[in-house]
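# Results of the structural survey
One letter stands for each residue in the lines below.
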Amino acid sequence: MELALIIFLPFLGSLGAAFLPPNARNAEAWLAGAAALAATAITVSLYPQVAAEGVLRLNLPWAPALGLDISLRMDGFAWLFALLVTGMGTLVVIYARYYMSPADPVPRFFSFFLVFMGAMLGVVLSGHLIQMVMFWEMTSLSSFMLIAYWHHRGEARRGARMALTVTGAGGLALFGGVLLLGHIAGGYDLDTVLAAAPQVKAHPWYPAVLALIALGALTKSAQFPFHFWLPHAMSAPTPVSAYLHSATMVKAGVFLLARLWPVLAGTDAWFWIIGGAGLCSLVLAGYLAMFQQDMKGVLAYSTISHLGLITLLLGMNSELALVAAVFHIANHATFKASLFMAAGIVDHETGTRDLGRLSGLSRAMPLTAALAVVAAAAMAGVPLLNGFLSKEMFFAETVFLDRPDWQRFGLPLAATLAGVFSVAYSLRLIQRVFFGPPAQDLPHTPHEPTRWMLLPSALLVAACVLVGVVPELVIGPYLRTATGAILGADAPAYSLAVWHGFNTPLLMSFVALGGGALLHGALLARRGATTVPLLESIDGRHLFDVTLTALTTGAERALRRLSSPRLQMQMLLIFAVALGGALLLVKPFGIGWGANAPQPLDPAFALLWLVGGACALAVAWQAKYHRFAAVAFAGGAGLATSLTFVWFSAPDLALTQLTVEVVTTVLILLGLRWLPRRDERIAGPGGATPRLRRSRDILVAGGCGLGLAALAYAVLTRPAVDGIAPFFVQQALPQGGGLNVVNVILVDFRGFDTFGEITVLGIVALTVYALLRRFRPAPESMRLPDQQHEQDGDASPRDSQEAMLPAGAMMLPAVLVRLLLPLALLVSLFFLLRGHNAPGGGFVGGLILATAVILQYLVGGTHWVESRLRIHPLYWIAIGLLLAAAAGIGAAFAGAPFLTSQAWHGTLPVVGELHLSSVLLFDLGVYMLVVGATTLMLVAIAHQSLRSQHHRTATGDTR
Amino acid sequence: MIQHLPILPILLPLLAGVLLLFAADAHHGRRAGFALAATAAQLATAVTLLAAVDGRIDVPWQDGGAVYALGNWAAPFGIVLVADRLAALMVTLTAILGLSALIYALARWERAGSHFLPMFQFLLMGLNGAFLTGDLFNLFVFFEVLLAASYGLALHGSGAPRVKAGLHYIVVNLVASLVFLVAAALIYSVAGTLNMAELALVVPRLDADTRTLFELGALLLGIVFLVKAGAWPLNFWLPSTYAAATAPVGAVFAILTKVGVYALLRFSILFGQDIAPAPFKGDWLFYCGLATIAVGTLGVLATQKLDRLAGYMVVISSGTLLAAFGFTGTTLTGPALYYLASSVLGGGAFFMLIEMTERNRTAAADLLAISFEAFGLQERHESEHPDEMAGVAIPAAMAFLGLAFFSCAAILSGLPPLSGFVAKFALLKAAIAAPPAAPAEQAILLFAALLLSGLAGLIALSRLGIRVFWDSERPTPRLQWLEAAPVAALVLLCFVLAFGAGPTMAYFDATARALHEPAAYIGVVLPGSRP
């Protein structure tokens with residue numbers, strides 16, 4: 001339970017911190033400090049248990065089906081790390097309280113700080129690899145938010161983004177690697193994985209697992225070649241740098257490598273990948289650290305170099321090297337965090353971290369200087385400090401490396417060289433900042449900071465000294481528990497003494513110290529230039545920026561080839577995919593025509609189709625410049641279709657097709673008026689490309705059309721399948737109560753389809769209305785068409801609205817059309833009522849009435865009609881749908897499902913025998929909706945001309 | 001009453017829509033209240049349905065789902081609704097997303113044009129109908145209902161870019177509908193039935209020649225579904241339409257592509273993997289899904305605007321689903337359904353969120369930011385106070401938006417600790433474990449595609465997020481509670497999905513198991529038939 005509490009406390013604290021007011025510095029610090037301190041206390045109190053039992057566990061079920069469990073596991077190694085995270089966290093909170101300016105919005109800082117602490121504890125205490133990856137990514141995300149804490153500064157934003165991109169990518173790789181690893185091991189539980197070491201190393205996926213996990217660990221620990229993000233992360237507030245980017249988060253990578261060391265280490269691939277990256281980082285970053293101008297820059301490169309040392313130790317495939325690595329993890333955290341704190345203090349008190357401007361601060365801030373000198377000495381590996389001990393172990397390991405000759409000699413040399421660099425940059429840092437003549441032109445006058453700010457640093461430095469002088473007493477048992485937890489029974493014997501006698505490692509240490517001092521004295525101290533010799537041109541940030549820009553532009557370019565904003569291209573692709581798919585996939589040429597013999601061809605019918613086909617071709621031919629002609633031709637083709645239905649005795653279809661043709665053609669013609677003109681004289685570019693394009697288009701279009709025709713022919717020449725059709729024909733009268741099978745299917749058997757379709761019609765009408773309500777036609781369409789101009793003369797719309805009949809040429813037709821309206825109403829009702837037994841139905845009836853209404857508008861003009869005939873198409877639509885729904889819902893009262901037809905047959909006193917059915921109500925709904933929808937579209941178009949007239953009058957442009 | 005449960009998700013929005021038509025001129029508050037109540041009722045119905053099919057409520061149906069015969073005409077002659085686990089899941093997702101988007105729309109967008117509320121209800125009706133129906137032609141009808149409503153909604157708010165993108169969308173979908181009609185006719189002409197369960201029975205019995213005709217029909221049908229699902233190369237219309245649509249519409253459109261995915265899944269399983277026609281066959285779906293992920297990833301990397309980015313995120317999630325459903329074997333279905341739920345909720349929240357964050361931002365600021373980034377220039381306000389150390393306090397609205405953005409980004413690109421990560425984990429775990437039953441290269445490709453698309457999402461979202469949220473020169477957007485609440489609710493649901501991964505995954509797995517036994521589905525729809 002304590003395990004859960006350790007992780008839970010920081011998260012709880014974070015939640016609390018987020019809701020405190022922006023200026024509550026003290027409350028925030030108390031809250032964060034309390035959370036961190038409590039977590040530290042619990043961790044410390046758990047040590048006896050860990051030492052005695054080996055491993056503490058807490059398992060809670062989460063998603064067992066996925067093999068996901070909440071599993072916390074603390075062994076000696078995890079304990080050491082947990083102590084590092086919580087203890088360091090407590091110190092940094094104290095430091096941050098005094099570091100942050102009163103103007104800073106601290107809730108954000110402390111809440112993300114605590115999120116990070118919780119996530120990092122989650123990483124070290126996870127007993128489940130997937131859960132660890134989750135916490136791992138959370139550390140990346142919280143680090144992102146903390147680096148960009150001062151996000152008004154471009155550097156901070158850029159650094160944060162770089163860190164997130166690199167470590168986030170690494171996290172994804174780690175995720176992949178862990179997935180593979182868990183699959184090989186047969187579970188994601190850490191114990192299971194650790195037990196499966198032999199299988200893992202023998203598995204063919206081992207190289208992939210290693211590569212992916214190494215990618216995760218090396219990016220996180222800022223190892224070569226992914227090291228470049230860490231120096232840029234230094235734009236974070238210094239407490240963040242001290243905590244995340246030296247003591248804890250960057251250690252997650254090496255933590256993971258050590259954690260999985262028993263499973264993955266011991267192979268050549270491990271040696272080259274991990275050891276190689278470590279060595280490169282160790283030497284390269286040490287070299288770069290010597291030439292940095294920013295105090296934090298020096299520390300950042302030094303951190304990379306020291307992490308390289310740890311990585312190299314882990315990569316050496318030796319148990320003793322692992323012990324040294326774990327030891328150095330703890331040592332590095334103490335001296336580096338304390339140095340970062342010193343850098344922050346200097347920055348805070350002087351206003352700059354520039355090594356070129358700082359000088360001689362030891363007079364103004366002697367305590368800070370003393371602490372920094374000791375910590376830097378530990379970093380350089382001066383005897384009697386903790387850095388010396390682990391560095392000696394490292395030197396010893398390089399000497400006793402069990403590898404071929406050139407590696408056995410090369411490695412100690414490289415290690416010594418890195419030691420020289422390390423001494424040199426430590427000296428340079430201290431000498432530049434604290435010694436020499438006092439600096440003159442600093443932004444603030446330097447003075448010693450408050451004691452509380454020095455306290456955390458002092459505690460850390462004390463730890464450095466204590467470990468350095470009496471290692472066995474201070475850290476010995478804990479180190480043994482930690483390494484024992486990783487290595488188990490294989491843990492080697494070693495001694496943590498300060499003095500091991502005169503041996504090669506000691507010699508190397510002294511060479512490093514002497515060489516470093518020499519290098520500093522001879523070269524660095526006198527060097528005024530701010531550049532890095534030899535490696536100036538290699539700039540990680542530049543490479544990163546170039547890569548990302550290339551990624552973006554490359555993606556753009558690829559996208560332009562793989563996608564198109566043009567509608568034509570999309571249309572072409574849909575048809576091409578359909579045609580190509582049909583040709584490729586199912587071998588359509590293998591389909592034979594059916595066995596049915598074609599009927600003899602009637603010349604009249606052939607002529608009808610010749611005309612219809614010619615009309616259809618004409619539509620395509622004229623569609624570009626002569627829309628009116630195209631629509632008229634389309635009407636011709638539609639008419640031919642209607643006649644075909646008549647010819648083959650399908651009166652319902654013919655009636656419907658005919659009325660639909662009429663209404664749609666008229667509505668489209670009305671709409672055409674508002675489309676911008678297309679001028680034949682403005683031709684597109686000529687030449688070969690358009691011709692090629694057109695040939696391609698005609699190929700696809702022709703192919704699709706012919707293919708469809710062939711399909712239809714193949715189906716029609718086949719005997720009809722005995723499916724559900726016979727049932728409809730036989731049962732229409734006995735069960736459906738109607739003679740007209742088509743109508744019974746529409747309103748009863750498949751009434752639900754009709755129900756849906758009328759809804760569609762209603763929605764389309766609403767859409768047209770909504771679209772046109774805001775539509776503003778192009779200016780060139782505003783002028784009255786010539787024909788209308790000639791007819792109307794100067795009659796103003798307002799006059800005609802008052803008159804009995806529209807003025808002008810339309811007077812006579814108006815009389816006729818008004819007479820037509822009641823007749824049409826009657827006819828439409830007739831079609832509605834007879835529909836169940838004879839051709840007709842609600843749909844046809846509705847369209848007939850709608851046609852009559854359209855005629856009123858056409859002939860009378862919108863103003864004139866609407867001042868007399870108020871149709872509320874919206875209500876017609878709504879009532880229609882409501883009636884249809886009511887007809888369906890009524891069935892529920894009889895205990896039957898929706899749309900079950902209910903009939904009543906009886907006699908009424910005056911009317912006589914009567915048959916009433918819910919089906920009729922349904923059809924009435926269809927009827928009303930069709931009228932409403934058609935009229936609504938008509939009104940939407942009609943009001944267009946009213947608005948444009950209004951517009952004309954308003955602008956004074958009457959003619 | 002309970003026996004009418006399956007029709008309610010269709011009937012409720014219809015009636016609500018119709019009544020809202022009467023109320024076009026009514027007082028805004030009353031209209032909004034009614035729409036809200038109606039949609040909440042749908043959510044309650046959907047949840048009841050979910051509980052019913054999962055066996056948590058006592059219902060008169062057998063296990064496997066409810067069959068509702070419309071007009072009391074038994075299948076295969078009449079139309080039936082089939083409410084099984086998958087349908088109930090989709091209906092519930094629709095209701096959740098619909099309610100959130102509606103609440104969001106009530107704050108502002110509803111008044112940006114006419115008839116938003118009825119149209120919105122009709123869209124929900126179409127979606128629910130498409131998920132519930134067990135009839136091929138009825139599926140077409142509900143596709144039409146939802147498309148017709150989506151046309152209106154895509155154009156809602158007018159403005160040249162919206163109309164331009166909306167008209168492309170309309171034309172593409174009209175063509176798709178035409179193809180659907182041809183496909184349905186072709187399939188009916190050879191199979192003699194439209195009932196999906198009976199189709200599954202009839203198809204294996206077709207002779208070779210007729211079968212070719214059937215496969216042509218199925219091919220066309222598959223193309224239609226792929227267009228709806230936004231599969232490459234049939235998805236050029238998607239990013240611009242989604243980007244141009246108003247925020248609540250974009251949010252509810254997040255589930256629109258899933259209709260196509262749903263239909264593909266339903267039919268490919270009903271047809272059976274061994275005899276499924278080409279576009280429904282595993283391999284085809286899988287590689288089509290991979291191509292879609294790839295193009296979506298490129299789009300995510302290339303785009304410089306949040307709304308288009310969201311569109312490409314939808315493309316990636318569609319591709320992931322297609323690839324997962326096309327993956328050989330049945331082990332990925334459950335995880336893929338989990339992914340579907342997570343991406344629908346996260347995507348919906350994202351669309352609303354970006355509209356809130358993009359308020360008060362000028363296009364010029366964007367352009368400047370891009371060029372600053374490309375040339376690595378110092379930003380304009382930076383040199384004025386280089387040594388300023390104090391940070392900028394983030395007002396509460398920005399803090400909320402930032403957190404929500406963060407969460408949505410995590411959900412959509414599959415970063416921990418939200419549901420997106422759990423979904424990706426479940427998918428990848430199943431994919432790795434699939435060989436040797438499935439080809440190893442499929443596992444490797446899916447593995448790479450999911451990780452790389454996640455990385456692209458991380459890169460693009462962090463880039464645009466930084467540009468939008470840490471631009472100190474912009475005023476803080478004004479938010480209303482009505483707008484913040486649905487986003488927060490959707491994100492919270494994703495938390496619930498992640499932390500309740502145990503029970504939710506159990507439901508998704510049960511759904512997948514039921515799906516992969518089409519005999520059960522057929523048995524429920526056509527009692528007495530033997531496959």
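Let me begin by describing the structure that accompanies this report.

Glancing now at the overall build of chain B. Looking only at helices and strands, one finds 21 helices and 2 strands in chain B. Relative to its full complement of 531 residues, chain B shows a buried share of 69%. Considering only intrachain contacts with a sequence separation of at least 6, the fraction spanning at least 24 residues in chain B is 80%. Counting only carbon and sulfur atoms, one obtains 67% of the accessible surface of chain B, whose full area is about 15,700 Å².

This part is about empty space enclosed by the protein. For the structure on display, the rule yields 12 cavities of 30 Å³ or more. Taken as a whole, the largest cavity encloses approximately 120 Å³ of empty space. If you trace the largest cavity, you find 14 residues lining it, with Met313(B), Ser317(B), Ser343(B), Gly347(B) and Leu412(B) closest to the centre. For the lining of the largest cavity, the secondary structure elements donating two or more residues are α13 (306-326), α14 (333-358) and α16 (396-413) of chain B. With 6 residues, α14(B) is the single largest residue contributor to the lining of the largest cavity. For the second largest cavity, the calculated volume is near 100 Å³. Mapped by element, the contributors of at least two residues to the lining of the second largest cavity are α33 (751-773) of chain A together with α4 (116-132) and α5 (136-155) of chain B. Split into classes, the residues belonging to the lining of the second largest cavity amount to 7 nonpolar, 7 polar and 1 charged.

Our focus in this paragraph is helix α21 (residues 518-525) of chain B. Residue and element names in this part refer to chain B. Those residues of α21 not exposed but buried are Tyr-521, Ile-522, Val-524 and Val-525. The buried side chains of α21 occupy one side of the element, clustering within an arc of 160 degrees when seen end-on. Of the surrounding elements, those touching the buried residues of α21 are β1 (66-69), β2 (80-83), α7 (196-202) and α11 (256-271).

The subject of this paragraph is the packing of helix α2 (residues 28-53) of chain B against helix α3 (residues 85-107) of chain B. All names here are of chain B. Here α2 crosses α3 at 160 degrees, and the two axes come no closer than 9 Å. One way to sum up the angle between α2 and α3 is to call them roughly antiparallel. When you trace α2 past α3, the crossing you get is left-handed. Partitioned by chemical class, the residues of the contact of α2 with α3 number 19 nonpolar, 5 polar and 1 charged.

Further remarks concern a positive patch on the surface. Taken together, the side chains of Arg566(A), Lys624(A), Arg678(A), Arg691(A), Arg693(A) and Arg694(A) present a region of like positive charge at the surface. In this structure, Arg566(A) sits in the loop between α25 (540-562) and α26 (567-585).

Take the nonpolar core next. With 492 residues, the main nonpolar core has Met74(A), Trp229(A), Phe752(A), Phe225(B) and Phe350(B) as its most contacted residues. In terms of residue count, the dominant contributor to this core is helix α17 (residues 319-350) of chain A (19 residues). Among residues more than four places away in sequence, those in contact with Phe225(B) are Leu139(B), Phe143(B), Phe180(B), Gly260(B), Ala263(B), Leu264(B), Phe267(B) and Phe280(B). Grouped together as the second largest cluster of nonpolar side chains are 7 residues, Ile724(A), Phe727(A), Phe728(A) and Phe749(A) included.

A few words now on the pairing of strand β4 (residues 912-917) of chain A. All names here are of chain A. Here 6 bridges tie strand β3 (residues 903-908) to β4, and the two strands are oriented antiparallel to one another. In the strand pairing of β4, Ala-903 is matched with Ser-917. Following β3, the chain reverses through 3 residues before pairing antiparallel with β4.

Looking now at the interface of chain B and chain A. In this assembly, 127 residues from chain B lie in contact with 121 residues from chain A. In total, about 11,200 Å² of surface goes out of reach between chain B and chain A, with carbon and sulfur atoms giving 76% of it. Of all residues in chain B, the largest losses of buried area upon contact with chain A belong to Trp73(B), Phe236(B) and Trp470(B), amounting jointly to 8% of the total for that side. At the boundary of chain B with chain A, the tally comes to 1 salt bridge.

Take the pattern of salt bridges next. Residue and element names in this part refer to chain A. A complete count under the given rule lists 17 salt bridges over all chains for this structure. Salt-bridge contacts for Arg-353 lead to Asp-294; the nearest nitrogen and oxygen are separated by 3.0 Å. With Arg-353 in the loop between α17 and α18 (366-380) and Asp-294 in the loop between α15 (268-289) and α16 (295-315), the pair connects residues that are 59 residues apart, well separated along the chain. One salt bridge connects Asp-347 with Arg-353, and the closest N-O pair in it is separated by 3.2 Å. Salt bridges linked by common partners bring Arg-57, Arg-73, Asp-75, Asp-191 and Arg-259 together as one network.

Conventions we followed
- Residues numbered from 1 in each chain as written.
- Chains lettered and ligands numbered in written order.
- Predicted model: local features only at pLDDT ≥ 70, side-chain atom pairs only at ≥ 80, totals over all residues.
- Heavy atoms only, no water.
- Helix = DSSP H or I, 4+ residues; strand = E, 2+ residues; numbered from the N terminus.
- Buried < 20%, exposed > 50% of the residue type's maximum accessible area, 1.4 Å probe, protein only.
- Contact = heavy atoms within 4.5 Å.
- Areas by Shrake-Rupley, 256 points an atom, 1.4 Å probe, with all protein chains shown as cover.
- 1 Å grid on protein atoms, 1.4 Å probe; cavity = no way out; pocket = protein on both sides within 12 Å on 5 of 7 lines; lining within 4 Å.
- Points joined across faces, edges and corners; volume = space filled by probe spheres on them.
- Nonpolar A, V, L, I, M, F, W, Y, C, P; charged D, E, K, R; others polar.
- Arc of directions from axis to C-beta.
- Axes fitted to C-alpha atoms, helices over the stretch in contact; angles between N-to-C directions.
- Parallel < 35°, antiparallel > 145°, perpendicular 65-115°, else oblique.
- Left-handed = near helix turned anticlockwise from the far one by under 90°.
- Patch = residues over 30% accessible without salt bridge, like charges linked within 9 Å, V, L, I, M, F, W, Y side chains within 5 Å.
- Salt bridge = Lys/Arg side-chain N within 4 Å of Asp/Glu carboxyl O.
- Lys, Arg positive; Asp, Glu negative; His and termini not counted.
- Charge placed at Lys NZ, Arg CZ, Asp CG, Glu CD.
- Core = buried A, V, L, I, M, F, W, Y, C linked by side-chain atoms within 4.5 Å.
- Pairing = 2+ DSSP bridges.
- Buried area = accessible area lost by both parts, 1.4 Å probe.

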